Amino acid sequence: MDQVKRLLEIMAALRDPETGCPWDLRQNFDTIAPYTLEEAYEVCDAIARRDYGELREELGDLLLQVVFHSQMAAEEGHFTFEEVVRAINEKMVRRHPHVFKRNDGQQGESVSMDTIKRFWEEEKARERSRKETHGLLEGVALALPALKRAQKLQKRAAGVNFDWKDIAGVIDKLQEELDEFSQALRKKNQQALDEELGDLLFTCVNLARHISADAEDCLRQANRKFERRFARMEVRLRDRGTRLEDCTPDELDALWNMAKRDEE
């Protein structure tokens, strides 16, 4: 905790109106928000690469973002870092009645994973109901990556049974959206193409949710797979003394298939 206290002191010094850093003093919630998002992504990247030294560094950078926002909030009289920590402590205890002592003083009982998930979702629903919102889908952060936000929106709607009964319905919907995209493609209407592609992607996210997969993570894995296989193609071409731009589409396709076979 001494190190956390030191970090808070450092941030306060950086924001001191008379002796602080000019760059830090010019910042506000809006200007810092993109850095917060970037640091969160860098944490995820370090985890994906299993680079634990880098993960330690990136977690520190992410913690700095929390401290920075808390310092600015304290300056404006909204809340302090201590209040941020207290709020998350209370929330975690509240959402885990099976771990922490209940109001009756008894230790929570051993429960199944399904029950734990139900505890979590029920408490989240109660928390949302206490907030001043006007609709079920309010509160799903706009700044989330589009795939993750789509999955959260769908999950909220599914909570009130606005959902397909089974995955077969989602697959039928996927085919329907693909047909509508093909129709827009024939008409060569860019606005319609954008809209239909969005519907197609939204349905793909629904498909991921129905197989208990995270759409954002699935796409990240697909990105990594594409990069890995493309790098294999480049290695083969370098060994031959050939450049990518000198290959025909058929040659590139053959190289891609070889890269795929290398992973089988």
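Located above this text is the structure these notes cover.
Criteria and cut-off values
Residues numbered from 1 in each chain as written. Predicted model: local features only at pLDDT ≥ 70, side-chain atom pairs only at ≥ 80, totals over all residues. Heavy atoms only, no water. Helix = DSSP H or I, 4+ residues; strand = E, 2+ residues; numbered from the N terminus. Buried < 20%, exposed > 50% of the residue type's maximum accessible area, 1.4 Å probe, protein only. Patch = residues over 30% accessible without salt bridge, like charges linked within 9 Å, V, L, I, M, F, W, Y side chains within 5 Å. Areas by Shrake-Rupley, 256 points an atom, 1.4 Å probe, with all protein chains shown as cover. Salt bridge = Lys/Arg side-chain N within 4 Å of Asp/Glu carboxyl O. Contact = heavy atoms within 4.5 Å. Expected span 1.5 Å × (residues − 1). Polar contact = N/O pair within 3.5 Å; in protein donor to acceptor, adjacent residues only side chain to side chain.

1. As for unusual backbone geometry
At Arg50, a position not held by glycine, the phi torsion is positive, near 55°. Within the element layout of this structure, Arg50 appears in the loop between α3 (29-48) and α4 (52-75). Of note in the backbone geometry, Ser212 takes a positive phi value of approximately 60° without being a glycine. If you trace the backbone, Ser212 turns up in the loop between α9 (190-210) and α10 (215-240). Its relative accessible area of 71% is what places Ser212 among the exposed residues.

2. Some points on a nonpolar patch on the surface
Side chains of Leu136, Leu137, Val160 and Phe162 sit close together on the surface and give an oily, nonpolar patch of about 410 Å² of accessible area. Along the polypeptide, Leu137 turns up in the loop between α6 (113-130) and α7 (146-158). When its relative accessible area of 41% is taken as the criterion, Leu137 is described as partly exposed.

3. Points about the side chain of Thr203
With respect to the helices, strands and loops of the structure, Thr203 is situated in helix α9. For Thr203, a relative accessible area of 5% gives the class buried. Ignoring any residue separated from it by four or fewer positions in sequence, one finds Thr203 in contact with Val170, Lys173, Leu174 and Glu177.

4. Notes on α4
Taking 1.5 Å of rise per residue, the 24 residues of α4 would be expected to cover 34 Å, and the 35 Å separating its terminal C-alpha atoms lies within 8% of that figure. Among the residues of α4, Leu55, Glu58, Gln65, Val67, Phe68, His69, Ser70, Gln71, Met72 and Ala73 are the ones counted as buried. Structurally, α4 contributes buried residues whose contacts are with α1 (2-14), α2 (22-26), α3 and α5 (81-94). Among the residues of α4, the N-terminal cap falls to Asp51, whose side-chain oxygen and the backbone nitrogen of Gly53 are separated by 3.4 Å. The first or second residue beyond α4 is Gly77, which carries a positive phi of 80°.

5. Side note on α9
Look at α9: 30 Å from first C-alpha to last across 21 residues, which is about the 30 Å you get at 1.5 Å a residue. Every buried residue of α9 is accounted for by Leu193, Glu196, Leu200, Thr203, Val205, Asn206, Ala208 and Arg209. Looking at the buried side of α9, the elements it contacts are α7, α8 (167-187) and α10. The residue sitting at the N-terminus of α9 and contributing the capping side-chain oxygen is Asn189; that oxygen lies 3.1 Å from the backbone nitrogen of Gln191. The positive-phi residue at the C-terminal boundary of α9 is Ser212, with phi of around 60°.

6. Looking at the pattern of salt bridges
On inspection of all chains with the given rule, the structure shows 17 salt bridges. Among the ionic pairs, Arg229 bridges to Glu263, the shortest N-O distance being 3.1 Å. Note that Arg229 is positioned in helix α10 and Glu263 in the segment after α11 (249-262), a separation of 34 residues in sequence. Since its relative accessible area comes to 25%, Glu263 is described here as partly exposed. Salt-bridge contacts for Asp246 lead to Arg243; the nearest nitrogen and oxygen are separated by 2.9 Å. Where salt bridges share partners, they join Arg228, Arg229, Arg232, Arg236, Asp262 and Glu263 into one cluster.

By themselves, these observations are geometric and do not establish any function.
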